[in-house]
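As a plain string of letters, each chain reads:
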Amino acid sequence: MNATLAAVVLSLFSAVAYAAAAVAQERLASRTTEPGVLSMLGNGAWWWSVALNASAALLHVAALKYGTLTLVQPLGALTLVAAVPLGARVAGRRVSAVEWRGTALTLVGLSALLVTASGPAPDDVLSVPQALGVAAATSVAIGFLSRPGTRPGLRHATASGFASGVASALTQTVTVAVTDRSGPILSLQVVVVALLVAAFASAGLLLSQTAYRGGLGAPLAVVTLANPLAAAAIGLSLLGEQLQGGPAGLLLAAFGAAVASWGVVTLSRSAPKPVPAAPPEPFEDDEHPVAAVLALEAEAEAAKYAPSLIPNQPDPGKRANPGHLTPL
């Protein structure tokens with residue numbers, strides 16, 4: 001198995017695991033009434049989603065060992081493709097025609113990207129100053145996107161995508177440096193970059209959890225697009241990665257990116273509208289125990305004020321007036 005095929009297979013399994021984690025996070029966010037990190041830390045379901053994310057991350061790290069950032073990161077769009085049938089299955093519905101169309105567009109676009117992004121296994125790494133510079137710029141961008149304001153879900157999703165993309169780029173540096181065997185495993189470069197990976201991976205996870213609070217479709221689409229954008233920018237500008245095929249390959253990559261983005265946006269708009277709750281069915285008084293009790297109380301109350309045709313009992317201290325009916 002060559003490096004490109006290994007990277008593709010590992011990315012496929014990673015995407016399925018990330019999709020399962022995203023569906024679990026969305027369902028958890030929709031049921032959570034108390035926002036905040038502490039409430040999530042005390043929820044067992046959230047830890048299951050963390051375990052799924054960790055498994056996906058390990059598969060992603062292995063894929064980065066065999067493939068470049070420009071190859072592996074766009075394959076992250078398979079997460080959304082896998083999340084569509086998983087989400088439909090959990091919701092008890094069928095995949096719609098719009099979702100199938102978005103899936104097909106995404107796969108066609110990714111296929112075009114695979115042709116141009118294929119190449120040998122990566123061998124270049126970020127230096128410590130480069131890694132710190134990337135971390136500082138990304139932190140500023142995340143802080144700007146996380147500020148209070150309108151459309152917080154999409155802004156948090158964009159910040160999550162940037163954090164995850166940078167974490168992947170830094171992870172590739174750690175992976176290549178550790179497996180290179182040309183220096184000590186725990187060098188200053190490995191330790192510093194590993195700490196940055198942990199910080200940005202955690203930030204991406206928490207930001208995505210916040211973004212999914214308003215639904216899964218659009219935020220997951222934004223994460224899917226922002227992640228490879230950030231990683232590819234680092235790979236092409238700092239790691240010397242190149243697209244295959246010259247100008248024709250560049251045009252094919254642009255076409256593939258456009259078609260895949262179209263598919264992702266189509267998938268993000270295909271979320272079914274919530275079905276309004278049916279009004280409660282009327283019930284008969286004699287069939288509902290509470291209604292029956294209320295009806296009896298109403299009748300008793302009305303009987304207090306209804307005129308009575310029963311003769312008054314004579315008062316022992318007064319003379320009775322026989323033959324007359326008097327109301328109570």
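Higher on the page you've got the structure.
The structure reproduced in this document is the subject of the present report.

Criteria and thresholds
Residues numbered from 1 in each chain as written. Predicted model: local features only at pLDDT ≥ 70, side-chain atom pairs only at ≥ 80, totals over all residues. Heavy atoms only, no water. Helix = DSSP H or I, 4+ residues; strand = E, 2+ residues; numbered from the N terminus. Buried < 20%, exposed > 50% of the residue type's maximum accessible area, 1.4 Å probe, protein only. Contact = heavy atoms within 4.5 Å. Areas by Shrake-Rupley, 256 points an atom, 1.4 Å probe, with all protein chains shown as cover. Axes fitted to C-alpha atoms, helices over the stretch in contact; angles between N-to-C directions. Parallel < 35°, antiparallel > 145°, perpendicular 65-115°, else oblique. Left-handed = near helix turned anticlockwise from the far one by under 90°. Expected span 1.5 Å × (residues − 1). Arc of directions from axis to C-beta. Salt bridge = Lys/Arg side-chain N within 4 Å of Asp/Glu carboxyl O. Phe/Tyr/Trp six-rings, centres within 6.5 Å; stacked < 30°, edge-to-face > 60°. Lys NZ or Arg CZ within 6 Å of the ring centre and 35° of its normal. Core = buried A, V, L, I, M, F, W, Y, C linked by side-chain atoms within 4.5 Å.

### A word on the overall build of the chain
What the chain contains, in helices and strands, is 12 helices and 0 strands. For the chain, the succession of helices and strands along the chain, N to C, is α-α-α-α-α-α-α-α-α-α-α-α. In the chain, which comprises 328 residues, the proportion classed as buried is 38%. In the chain, once contacts between residues fewer than 6 apart in sequence are set aside, the share between residues at least 24 apart is 81%. Only carbon and sulfur atoms are counted for the fraction: they give 68% of the accessible area of the chain, which is about 18,600 Å².

### Considering the packing of helix α5 (residues 78–91) against helix α6 (residues 97–117)
The interhelical angle for the contact between α5 and α6, taken along N-to-C directions, is 155°, at an axis separation of 10 Å. Relative to α6, the element α5 is oriented roughly antiparallel. Two packed elements cross with a definite hand, and for α5 against α6 that hand is left-handed. Together, L78, V81 and V84 of α5 and E99, T103, T106, L107 and L110 of α6 make up the contact between the two elements.

### Here we look at helix α7 (residues 128–145)
Taking 1.5 Å of rise per residue, 18 residues should cover 26 Å, and α7 covers 26 Å from first to last C-alpha, within 8% of that figure. Within the sequence span of α7, burial applies to A131, V134, A135, T138, I142 and L145. The buried side chains of α7 occupy one side of the element, clustering within an arc of 100° when seen end-on. Pointing more than 90 degrees away from the buried face of α7 are the exposed residues P129, V140 and F144.

### Thoughts on the pattern of salt bridges
With the rule as written, the count across this model stands at 1 salt bridge. The shortest N-O distance in the salt bridge between E99 and R93 comes to 2.9 Å.

### Here we look at the packing of aromatic side chains
Across all of its chains, the model carries 0 aromatic pairs by this definition. Over the face of the ring belonging to Y66 we find K65, whose NZ or CZ atom lies 5.7 Å from the ring centre. A cation over a ring is seen here: R147 above F144, with NZ or CZ 4.2 Å from the ring centre.

### Considerations on the environment of R101
Looking at where R101 falls in the secondary structure, it is placed in helix α6. The partly exposed category is assigned to R101, whose relative accessible area is 47%. C-alpha separation for the pair R101 and T266, spaced 165 residues apart in sequence, amounts to 7.7 Å.

### Comments concerning the nonpolar core
L170 and F200 are the most contacted members of the largest nonpolar core, which has 31 residues in total. Where this core is concerned, the elements lending two or more residues are α1 (3–31), α3 (44–66), α4 (69–72), α7, α8 (152–180), α9 (188–211) and α10 (217–238). Of all the elements, α8 adds the most residues to this core, at 8 residues. The residues contacting F200, other than those within four sequence positions of it, are A135, T138, S139, I142, A163, V166, A167 and L170. Counting residues in hydrophobic clusters, the runner-up holds 20 residues, among them V23, L80, V84 and A253.

### Side note on α5
Helix length check: α5, at 14 residues, gives a terminal C-alpha distance of 20 Å against a target of 20 Å (1.5 Å per residue), a fit within 8%. What α5 keeps buried is the set L78, T79, L80, V81, A82, A83, V84 and A88.

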